[in-house]
Amino acid sequence: MTIHLHEGDLPAGLDLGPSVAVDSETMGLRYRRDPLCVVQLSSGDGDAHVVRLKRPDYDCPNLKKLMGDPNVLKIFHFGRFDIAMFQLHLGIETRPVYCTKIASKLARTYTDRHGLKDVARELAGVDMSKAQQSSDWGNERLSQAQLEYAASDVLHLHVIKAKLDEMLVREGRMKLAKACFDFLPTRSRLDLEGWDEIDIFAHA
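Notes on the structure in this doc start here. (Residues numbered from 1 in each chain as written. Predicted model: local features only at pLDDT ≥ 70, side-chain atom pairs only at ≥ 80, totals over all residues. Heavy atoms only, no water.)

**What about the layout of surface pockets?**
Working step 1: Taken as a whole, the largest pocket spans an internal volume of roughly 850 Å³.
Working step 2: Surrounding the largest pocket, 31 residues form its lining, Thr26, Leu29, Phe78, Phe81 and Gln133 being those nearest its centre.
Working step 3: Among the elements of the structure, strand 2 (19–26), helix 2 (79–90), helix 4 (116–124), helix 5 (144–155) and helix 7 (174–195) are those that each provide at least two residues to the lining of the largest pocket.
Working step 4: With five residues, the top contributor of residues to the lining of the largest pocket is strand 2.
Working step 5: Of the residues assigned to the lining of the largest pocket, the class counts are 11 nonpolar, eight polar and 12 charged.
Working step 6: Taken together, Phe78, Gly79, Arg80, Cys99, Lys101, Ile102, Lys105, Leu106, Cys180, Phe183, Leu184 and Arg187 make up the full set of residues lining the second largest pocket.
Working step 7: Elements supplying a minimum of two residues to the lining of the second largest pocket: helix 2, helix 3 (100–107) and helix 7.
Working step 8: Here the residues of the lining of the second largest pocket are counted per class, giving seven nonpolar, one polar and four charged. (1 Å grid on protein atoms, 1.4 Å probe; cavity = no way out; pocket = protein on both sides within 12 Å on 5 of 7 lines; lining within 4 Å. Points joined across faces, edges and corners; volume = space filled by probe spheres on them. Helix = DSSP H or I, 4+ residues; strand = E, 2+ residues; numbered from the N terminus. Nonpolar A, V, L, I, M, F, W, Y, C, P; charged D, E, K, R; others polar.)

**Comments concerning the packing of aromatic side chains**
Working step 1: Here the structure, examined in full by the defined rule, presents five aromatic pairs.
Working step 2: Taking 4.5 Å as the distance between ring centres and 40° as the angle between the ring planes, the aromatic pair formed by tyrosine 98 and phenylalanine 181 counts as tilted. Here phenylalanine 181 lies in helix 7 and tyrosine 98 lies in strand 6 (residues 97–99), a separation of 83 residues in the sequence. Each member of the pair, tyrosine 98 as well as phenylalanine 181, is classed as buried. (Phe/Tyr/Trp six-rings, centres within 6.5 Å; stacked < 30°, edge-to-face > 60°. Buried < 20%, exposed > 50% of the residue type's maximum accessible area, 1.4 Å probe, protein only.)

Here it is, written out as structure tokens:
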């Protein structure tokens, strides 16, 4: 595994292929209070690219172009939050997308454990550490432990997606999953507009 640290943006001309695993790190989980600090990506080749964003201008045209590229599938785990943060801070709508958490909930109905750590253990045979999850991602210098944590969140998503795709096809739920993925950027927009804790489909 090689971790490539980029300051501010992805390098021009970097080709990560037709599908890229994506995750982000923030200073917290409140959209308008906590800034987006880091975006990490992997093409599934065992390497990770970690971008420490320059706030508050977020001048990262190469990253923005990739996130909006209609020919590149972006693979997330709980993409709802990351996509919303990209809408808010980068001013882009991320499409097309795939969310392994949604796929897990549709395919792995025999369990209620759909966090990345549990999914990775079962489907990729990887035991992930979450020790750095709540560390200071706004720091001007990321530690080696932070870089390794950021990388681990994207390195296995391609393998996990492949396993979940097999299960979704087997259970006849792939079409339903794709419809959910297509709706995800809209769900993220609803979160940003104030409907984050409201189920607009509920009767009440």
